[in-house]
Each structure stands twice: as C-alpha cells, then as structure tokens.
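Listed below, chain by chain, are the residues.
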Amino acid sequence: MNESRRETAAAPGRVVLLTTSHRVAPGLLSWPAWQVLRAADAVLCADGAHPQLPYLREAGITVTPTSPTAQELVDACAGGRTVVVVATGEGEPALTDGLARLAGGGRTAMPDLELLPASYDLPGARLLDLVQVMDRIRAECPWSSRQTHEGLAKYGIEEAYELVEAIEAGDREELREELGDVLLQVVFHSRIAEEHPDAPFSVDDVAGGIVAKLVHRHPHVFGDETAETPEDVKEHWLRTKAEEKRRASATDGVPLGQPGLALAAKLASRARTAGLDVPLPRGEGIGYELLALAARAEAAGIDPEAALRAAARAYRDAIRTAEGLPS
C-alpha cells in the first residue's frame, strides 16, 4: 500500500492544452473535451475574459484565472494530477516553449503533454474572419468608409479580368490570390448594402439567395429528378431559370456592356437555346464580320473571347521575340 502511494506521488501527471475556435459559438465543444474538463483536477486559463469561461462555469467546471510558468504547471501535475489549460486566442507560446525547454533539459520529470482541439473550424469558417475584417475596415478606414457601389464597380470588372488571366496562365498561386480579390468585391459591396436606408441587405442575404438558387436549379441533386449527362444538367438549369425569370425576350438579362465578342456569342447562344432561327444582320464593315465569327464560334462550342485572347498572347510573344526579349 505504501509502495502504491509512493508511485502515485511520483507520477508526473498530465497537461492538456485545450484549444477552441473563435469561429464556433462558445460552449459548443467536443464530447472528448467535456470529458477531460469534467475529470480534470484543475482547469486554468490566462484570459479571464475568455468567451468559453461562462459556459464552462455554467456546466459546473471551476476555472482558475492564472497564467502559470512551465515549472509551476509541471509542479501542479505532480502526483498524477491532470491539469487542463484553456488556450487563449493566440495559443500559449510562452508556456509551450517553456515546457519544451524543461523537457529538453532532461532533469525534470515531465507530465504527459496533450493537445486537444475542443472545436474545429467547418469548411468556409474563414469567411467569418473576412466579414469581421470588412466590418472594421468599413468603420475605421478613411477610404473604405466612403466607397459606394458605383465607385467600386470598375474594380469588380478589373478583378474579374485578372481572375480570367490567372486561369488562362495556369498560375495556381495567382489564381488563389485573384479569387480572394473577387471575393473581396462581393463582401465589400454586401457591407455597403447594409447601410441602405430603404432596402438594406447583408452578405448573409447574398449567400442565402445563391444557396436557394443553387438548390432550386439542381433538382437532380436536391430533389427527385435525375440527370445522367452534363446536357441533362444544362436542361434542368435552363428550364428552372426560365421559370424564375419569366423573361419576355430571350435577350433579357444579357449585359450590353460586356466585351463585344462575348456579347455577340451570348446573344447567339440565347437565340439558339430559345429555338429561334434568326438570320444574322447583313451589313458592311468589320463589325458584321466579327459578329458572324462570334456566332460561328459559339455554335462550335468555342468561347470567342478566350480564343482571341490566346491568339493575342501568341502575337504578343512574337512581338517580344522580334524585339529580342523573352516571351
């Protein structure tokens, strides 16, 4: 019996570093986390205003607001005790570095060290950070706080073109960055829209709207219809879109401000999809020739804008070669 007591007294114990995500509502912890918290001999937290603390105390868990040194934490585990450290938002770098130094010294009987994530970010959770950052920038930045939908419109066009360029260049790093810039435009405009005096909406309204649209236009995924081929999917999409929009003309909703080749191809696509046999207008000049080329490309399943950009890049490379420069 005495031997058993000596072994217990000599046991180094256990330290559990409990991490949580600020993107998950406080109190929504994993079952293993709640088990460890309830069984712990001591629960410590350096941040007395940690958002988890009210929920832990409500669950009957005593939390001591303290910031122990590495040696103090090791001593607190003596006798086989389990001590849980609820990590702050920055983690506990000073504490973990101190524990690493003690372990590396080889002169201290170290407790078992365990990192236990108590809550995990769901996919898309970092979007919450973006919304919060945009809120603060809108409130505190002298430039951003004065922007309007109209003033930002040109940036949306620029970012879209830069995204297309990154896709066509095949640059993965550039693609990731340009997607972020396009996403910023969505969040920025949504934040501005919250301030409208008569018809405000938020980024949640924007996301909710596109979710509803996607679900409605994918009955083969979320409903009882079936789709075996991409053509079936396109048919579902066009049919549900027509039901939603109830447009008087096949040309309704086609933005006339887009580049000319893309506009011509889109109009040709709308006419073909609607089953309209509309002869191309005849006229003199390069415009009518380009219109005919764009319609021909669309019928062949070719994006005339992308094809022209590819040819233009080849022309640019030829010019640089003629100048003695690398393409």
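Below you will find a few notes about this structure. All values reported here derive from a predicted model rather than from experimental measurement.

### Description of the environment of Arg246
- Along the chain, Arg246 falls in the loop between α11 (230-245) and α12 (260-273).
- Residue Arg246 is classed as exposed on the basis of its relative accessible area of 70%.
- With 10 residues separating them along the chain, Arg246 and His236 place their C-alpha atoms 15 Å apart.

### With respect to a nonpolar patch on the surface
- Taken together, the side chains of Ile210, Val211, Leu214, Val215, Val221 and Phe222 present a nonpolar region at the surface, about 520 Å² in accessible area.
- Listing elements by their share of the nonpolar patch, those giving two or more residues are α9 (203-216) and α10 (219-222).
- Tallying contributions element by element places α9 first for the nonpolar patch, with four residues.
- Of note, Ile210 is situated in helix α9.

### Considering helix α5 (residues 93-105)
- Between its terminal C-alpha atoms α5 stretches 18 Å, which fits the 18 Å expected from 13 residues at 1.5 Å a residue.
- Every buried residue belonging to α5 is among Leu95, Gly98, Leu99 and Leu102, and all of these are buried. For α5, the angular spread of the buried residues around the axis is 100°, confining them to a single face. The outward face of α5, more than 90 degrees from its buried face, is lined by the exposed residues Arg101 and Gly104.
- Against α4 (70-76), β4 (82-86) and β5 (112-117) lie the buried residues of α5.
- Just beyond α5, the residue with positive phi is Gly106, at close to 75°.

### Description of the environment of Arg272
- Within the secondary structure, Arg272 is located in helix α12.
- We classify Arg272 as partly exposed; its relative accessible area is 45%.
- For the pair Arg272 and Ala250, spaced 22 residues apart in the sequence, the C-alpha separation amounts to 9.6 Å.
- At 2.4 Å, the side chain of Arg272 forms a polar contact with the side chain of Glu298.

### A look at the nonpolar core
- Among the nonpolar cores identified, the biggest contains 18 residues, and Leu18, Leu37, Val43, Leu56 and Val84 are the most heavily contacted of them.
- Sorting the residues of this core by element identifies β1 (14-19), α2 (31-39), β2 (42-45), α3 (53-58) and β4 as the ones contributing at least two each.
- Counting residues per element, this core draws most heavily on α2, at four residues.
- Beyond its immediate chain neighbours, meaning those up to four positions away, Leu37 contacts Leu18, Leu29, Val43, Leu56, Ile61 and Val84.

### Quick word on the sheet that holds strand β3 (residues 64-65)
- If you walk across this open sheet you meet the five strands as β3-β2-β4-β1-β5, and the pairing is parallel. Each edge of the open sheet is held by one strand with a lone partner, namely β3 and β5.
- Across three bridges, β2 lies against β4 in parallel orientation. Bridge assignment links Ala42 to a residue of β4, and that residue is Val83.
- Across the sheet, α2 lies against β1, β2, β4 and β5, angled at about 135° from β1, the strand it touches most.

Rules used throughout
Residues numbered from 1 in each chain as written. Predicted model: local features only at pLDDT ≥ 70, side-chain atom pairs only at ≥ 80, totals over all residues. Heavy atoms only, no water. Helix = DSSP H or I, 4+ residues; strand = E, 2+ residues; numbered from the N terminus. Buried < 20%, exposed > 50% of the residue type's maximum accessible area, 1.4 Å probe, protein only. Patch = residues over 30% accessible without salt bridge, like charges linked within 9 Å, V, L, I, M, F, W, Y side chains within 5 Å. Areas by Shrake-Rupley, 256 points an atom, 1.4 Å probe, with all protein chains shown as cover. Salt bridge = Lys/Arg side-chain N within 4 Å of Asp/Glu carboxyl O. Expected span 1.5 Å × (residues − 1). Arc of directions from axis to C-beta. Contact = heavy atoms within 4.5 Å. Polar contact = N/O pair within 3.5 Å; in protein donor to acceptor, adjacent residues only side chain to side chain. Core = buried A, V, L, I, M, F, W, Y, C linked by side-chain atoms within 4.5 Å. Pairing = 2+ DSSP bridges. Axes fitted to C-alpha atoms, helices over the stretch in contact; angles between N-to-C directions.

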